[in-house]
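This is what each chain is made of:
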Amino acid sequence: SALAEMALKLGYNADFGNISAIFDATSKFDVLKFGAGYKGSFGASSVFTDVLFTKADAANALAFDVDYKYSDGPITAEIYAAVKADNISNFGDTLKIPVYFKGAYALDAGTVYLKFLDDNMKASDFAGEFELGFDGNLGAIAYNVAANYNVANKVFAVPFWVRLSF
């Protein structure tokens, strides 16, 4: 018999939120992962954050992220940011900082939103993507139209989609 990959997750739920811890190992124990996280809600806000350390023969890695959401009446917002290093020994060169933001305002006819996404804010060249859009429904038809600009590719687009549900 052989030991397969194993994972252990522990969690604690309380009135202030959920705290969790994880341990994961490959069958040969050549890759070990240790992590901890928190998830909680406070009024109109909720937050999820976690950290993960990976111990491997090739390189040790570290990742930390935060996802914050706000919702109050017609206004919603989400902000996600992470710090990831694929090799702690070469932290500065392997560091990536992805960022995402979406803010929206609901109207009777649909929702107006603004999105921003950048896969790596630390990159030497700014490569963000901006989108201003509107989505809504007309009976069984859902639609979305947006103005989208990709800075890295210098591409402006106006995506439009329609979905019919029956």
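Parameters and conventions
Residues numbered from 1 in each chain as written. Predicted model: local features only at pLDDT ≥ 70, side-chain atom pairs only at ≥ 80, totals over all residues. Heavy atoms only, no water. Helix = DSSP H or I, 4+ residues; strand = E, 2+ residues; numbered from the N terminus. Buried < 20%, exposed > 50% of the residue type's maximum accessible area, 1.4 Å probe, protein only. Contact = heavy atoms within 4.5 Å. Areas by Shrake-Rupley, 256 points an atom, 1.4 Å probe, with all protein chains shown as cover. Lys, Arg positive; Asp, Glu negative; His and termini not counted. Charge placed at Lys NZ, Arg CZ, Asp CG, Glu CD. Polar contact = N/O pair within 3.5 Å; in protein donor to acceptor, adjacent residues only side chain to side chain. Salt bridge = Lys/Arg side-chain N within 4 Å of Asp/Glu carboxyl O. pLDDT = per-residue confidence, 0-100. Phe/Tyr/Trp six-rings, centres within 6.5 Å; stacked < 30°, edge-to-face > 60°.

## Notes on the overall build of the protein chain
Okay, so step 1: Of the regular secondary structure elements, the protein chain holds one helix and 13 strands.
Okay, so step 2: Each helix (α) and strand (β) of the protein chain, taken in turn from the N terminus, gives the series β-β-β-β-β-β-α-β-β-β-β-β-β-β.
Okay, so step 3: For the protein chain, the spread of C-alpha atoms along the three principal axes comes to 60 × 45 × 35 Å.
Okay, so step 4: Per-residue burial over the protein chain gives 26% buried out of 166 residues.
Okay, so step 5: Of the contacts made within the protein chain by residues no fewer than 6 positions apart, 20% connect residues no fewer than 24 positions apart.
Okay, so step 6: Accessible area of the protein chain: about 10,900 Å², with a carbon and sulfur share of 62%.
Okay, so step 7: Counting 13 positive and 19 negative side-chain charges, the protein chain places the averaged centre of each group 4 Å from the other.

## Remarks on the side chain of E131
Okay, so step 1: Tracing the chain through its elements places E131 in strand β10 (residues 129-138).
Okay, so step 2: Given a relative accessible area of 13%, E131 falls into the buried group.
Okay, so step 3: Side-chain polar atoms of E131 contact the side chain of Y113, separated by 2.7 Å.
Okay, so step 4: Excluding anything up to four places from it in sequence, E131 contacts Y113, L114, K115, A146, A147 and N148.

## Description of the pattern of salt bridges
Okay, so step 1: All chains considered together, the criterion is met by one salt bridge.
Okay, so step 2: Among the salt bridges present, the one from K115 reaches E131, with a minimum N-O distance of 3.8 Å. Taken as a pair, K115 in strand β9 (residues 110-118) and E131 in strand β10 lie far apart in primary sequence, 16 residues in all.
Okay, so step 3: Accessibility expressed as a relative area gives 26% for K115, which makes it partly exposed.

## Considering the confidence of the model for the protein chain
Interpretation of the predicted coordinates at a detailed level should be avoided for regions scoring low in pLDDT.
Okay, so step 1: Summarising the model, the protein chain shows a mean pLDDT of 93, and 98% of its residues fall at 70 or more.
Okay, so step 2: Here helix α1 (residues 91-94) stands out as the least confident element of the protein chain, with mean pLDDT 88; strand β8 (residues 99-106) is the most confident, with 98.

## Details of the packing of aromatic side chains
Okay, so step 1: Scanning all chains against the criterion turns up five aromatic pairs.
Okay, so step 2: On the numbers, 5.3 Å between centres and 45° between planes, the contact of F23 with F34 is tilted. Here the residue F23 occupies a position in strand β2 (residues 17-25), and F34 occupies one in strand β3 (residues 31-42), the gap between them amounting to eleven residues.
Okay, so step 3: On the basis of relative accessible area, F34 is assigned to the partly exposed category, the value being 39%.
Okay, so step 4: In this structure an aromatic cluster arises from ring pairing among F116, F126 and F130.

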